[in-house]
Amino acid sequence: MGESSFSQSMFTDLCERMLRLCRLSAGESLIVLSQGQERVEYVDAFLTAGQRLGAKVMNLRLPYSSSATSGEVGVWTVGKTPLSGNQPAVDVLKSADMVVETLFMLFSDELTEIQAAGTRILTCIEPVDLLARMFPTEELKRRTDAAVETLTGAESLRFTNRAGTDVTYRIAYPVKAQYGYVDQPGQWDHWPSGGMILTCGADDGIDGRVVVDRGDILLPFKQYVQEPIEFLIEAGRITEIGGDGYQAELVRQYIADFDDPDAYGLSHIGWGLDERAKWQALATDSRGHGMELRAFYGNVLFSTGPNDIVGGPNHTSCHLDIPMRNCSLFLDDRAVIVDGDVVVESMRPAGSPVAV
Ligand SMILES: [Fe+2]
């Protein structure tokens, strides 16, 4: 999208709706975090929207550091941000009631520190038209809450597909949800997220094989898989990456290049619930960070690398997100997704009962 291809006033209205969802109130402080000249329209829209609600607003602008984390260009690593080593800036952010960040801070120590101070923090980096099309809804949050309740009570998560996936996670970490807005102290979310539910397996408690099938999506590469890629997983580690296609070779080389044993760990596991998000979106639109692709209804989101997002010890910068179609997912042997369709009534869109 070109810089002038959306209406700034429409975007400001949208940001105002978002800040209302986040319950930003008069007298609260809002800081919009940015770097260099990146996303200046986003900064302006949020500052104006915050002002309309009577908040005390400001922009903390860092020197331009890198677009590597923006999802658009460059080597996509996680956890290293332009805030690294800048404690005075972190302290300013911790003093705010709410932060909107346009850098992509997920998996960083700074994000954790800011959340621990009670500041709620929203990531906003996706194209404006996607922010509008996947604007959060309370109905989707209710379905996400239902999924959180179901996953929270489970001890194991197993998923399969017709390509040969059969892997079991012994659940050992808290359940997290993303639904695209933050209304609680210390909460982090990413606009848009659809409804995403995730947790992590025990550090040594994931075993089986994941066969990523044709049409599944490799992020951050932004590619549809053309030949299956097979991850052999033993005691929470990827021990072998098989497959004859060039994408299997690409994954092998990409991970190896980090020269980090923790790059072979497993990250979050969960599923998406947003029926507005489209699996096919990448075919015609490769902008942005790929949140639509992570969020589409019934996908199982398999991922490799760090688990510090749930308090685990793996801090690697190597992170692959792999939304997979047509999977079946079971929590303690109870089916939640069958062949890519969510079969638990409370997680399905209104008016879409499970077929019997
Ligand atoms: Fe991820």
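See above for the structure.
Just so it is clear, the model here is predicted, and its values are computed rather than measured.

(A) The pairing of strand β1 (residues 29-35), seen in detail. In terms of burial, β1 is a largely internal element, seven of the seven residues being buried. Side chains Ser29, Ile31, Leu33 and Gln35 project from β1 onto one buried face, and the interleaved Leu30, Val32 and Ser34 project onto a second face that is buried too. The β-α-β motif built from β1, the intervening helix α2 (residues 40-52) and the parallel element strand β2 (residues 56-62) has right-handed crossover chirality. With four bridges connecting them, β1 and strand β3 (residues 98-101) associate as parallel partners.

(B) Structural context of the coordination of the iron ion. Protein-derived ligands of the iron ion are His268 (NE2), His319 (NE2), Asp321 (OD) and Asp321 (OD), with the metal-ligand distances lying across 2.1 to 2.4 Å. Around the iron ion, the four donor atoms sit at angles spanning 55 to 134 degrees, and that spread fits a shape best called irregular. If you list the donors of the iron ion from N- to C-terminus, the spacing comes out as H-x50-H-x1-D. Just as His319 is buried, Asp321 falls in that class too.

(C) Expanded view of the packing of helix α3 (residues 87-94) against helix α4 (residues 109-116). At a closest axis distance of 9 Å, the pairing of α3 and α4 adopts a crossing angle of 35 degrees. The chirality of how α3 crosses α4 is right-handed. Facing Gln87, Val90, Asp91, Leu93 and Lys94 of α3, the residues of α4 in contact are Glu110, Glu113 and Ile114. Its residues assigned to classes, the contact of α3 with α4 shows three nonpolar, one polar and four charged.

(D) Geometry of the sheet that holds strand β13 (residues 229-234). Judged by pairing direction, the sheet is antiparallel, and its eight strands sit side by side in the order β14-β13-β10-β6-β5-β18-β19-β20 without closing on themselves. Every interior strand has two partners, whereas the edge strands, β14 (237-242) and β20 (341-342), have only one. Sheet strands touched by helix α7 (residues 246-256): β13 and β14. Its angle to β14, the strand with the most contacts, is close to 145 degrees.

(E) Seen up close, helix α1 (residues 8-21). An ideal rise of 1.5 Å per residue puts 20 Å on 14 residues; α1 measures up with 20 Å between its terminal C-alpha atoms. What α1 keeps buried is the set Phe11, Thr12, Leu14, Cys15, Glu16, Met18, Leu19 and Leu21. Looking at the buried residues of α1, the elements they touch are β1, α2, β3, β4 (120-123), α5 (128-133) and α6 (138-152). Taken from the residues just after α1, Arg23 is the one with a positive phi, measuring 55 degrees.

(F) Quick look at α2. Between its terminal C-alpha atoms α2 stretches 18 Å, which fits the 18 Å expected from 13 residues at 1.5 Å a residue. Residues of α2 that are buried: Glu41, Tyr42, Val43, Ala45, Phe46, Leu47, Ala49 and Gly50. Looking at the packing, one finds that the buried side of α2 touches α1, β1, β2, β3 and α5. In the stretch just after α2, Gly54 is the one whose phi turns positive, near 85 degrees.

(G) Looking closely at the packing of aromatic side chains. What the rule picks out here adds up to ten aromatic pairs. Where Phe221 meets Tyr254, the ring centres are 4.9 Å apart and the plane angle is 80 degrees; that geometry is what we call edge-to-face. In this pair, Phe221 is assigned in the loop between β11 (217-218) and β12 (223-224) and Tyr254 in helix α7, connecting sequence segments 33 residues apart. Just as Phe221 is buried, Tyr254 falls in that class too. Site record: aromatic cluster; members linked through ring pairs are Phe6, Phe11 and Tyr42. The cationic tip of Arg17 hangs over the ring face of Phe135; the distance from NZ or CZ to the ring centre is 4.0 Å. Above the face of the Trp279 ring, Arg325 is positioned so that its terminal group lies 3.9 Å from the ring centre.

(H) Spotlight on the packing of α1 against α2. Contact geometry for α1 and α2: axes closest at 8 Å, N-to-C directions at 55 degrees. It follows from the interaxial angle that α1 and α2 lie oblique. Of the two possible hands of crossing, α1 and α2 adopt the one that is right-handed. Across from Gln8, Phe11, Thr12, Asp13, Cys15, Glu16, Met18 and Leu19 in α1, the residues of α2 making contact are Glu41, Tyr42, Asp44, Ala45, Phe46, Thr48, Ala49, Gly50 and Arg52. Grouping the amino acids of the contact of α1 with α2 by side-chain chemistry returns eight nonpolar, four polar and five charged.

Conventions used here
Residues numbered from 1 in each chain as written. Predicted model: local features only at pLDDT ≥ 70, side-chain atom pairs only at ≥ 80, totals over all residues. Heavy atoms only, no water. Buried < 20%, exposed > 50% of the residue type's maximum accessible area, 1.4 Å probe, protein only. Helix = DSSP H or I, 4+ residues; strand = E, 2+ residues; numbered from the N terminus. Right-handed = clockwise from strand over helix to strand, strands pointing away. Pairing = 2+ DSSP bridges. Donors = N, O, S within 2.8 Å, 3.2 Å for Na, K, Ca; no water. Tetrahedral: all angles 85-135°; square planar, octahedral: opposite > 155°, others 65-115°. Axes fitted to C-alpha atoms, helices over the stretch in contact; angles between N-to-C directions. Left-handed = near helix turned anticlockwise from the far one by under 90°. Contact = heavy atoms within 4.5 Å. Nonpolar A, V, L, I, M, F, W, Y, C, P; charged D, E, K, R; others polar. Expected span 1.5 Å × (residues − 1). Phe/Tyr/Trp six-rings, centres within 6.5 Å; stacked < 30°, edge-to-face > 60°. Lys NZ or Arg CZ within 6 Å of the ring centre and 35° of its normal. Parallel < 35°, antiparallel > 145°, perpendicular 65-115°, else oblique.

These figures come from the coordinates and say nothing about function on their own.
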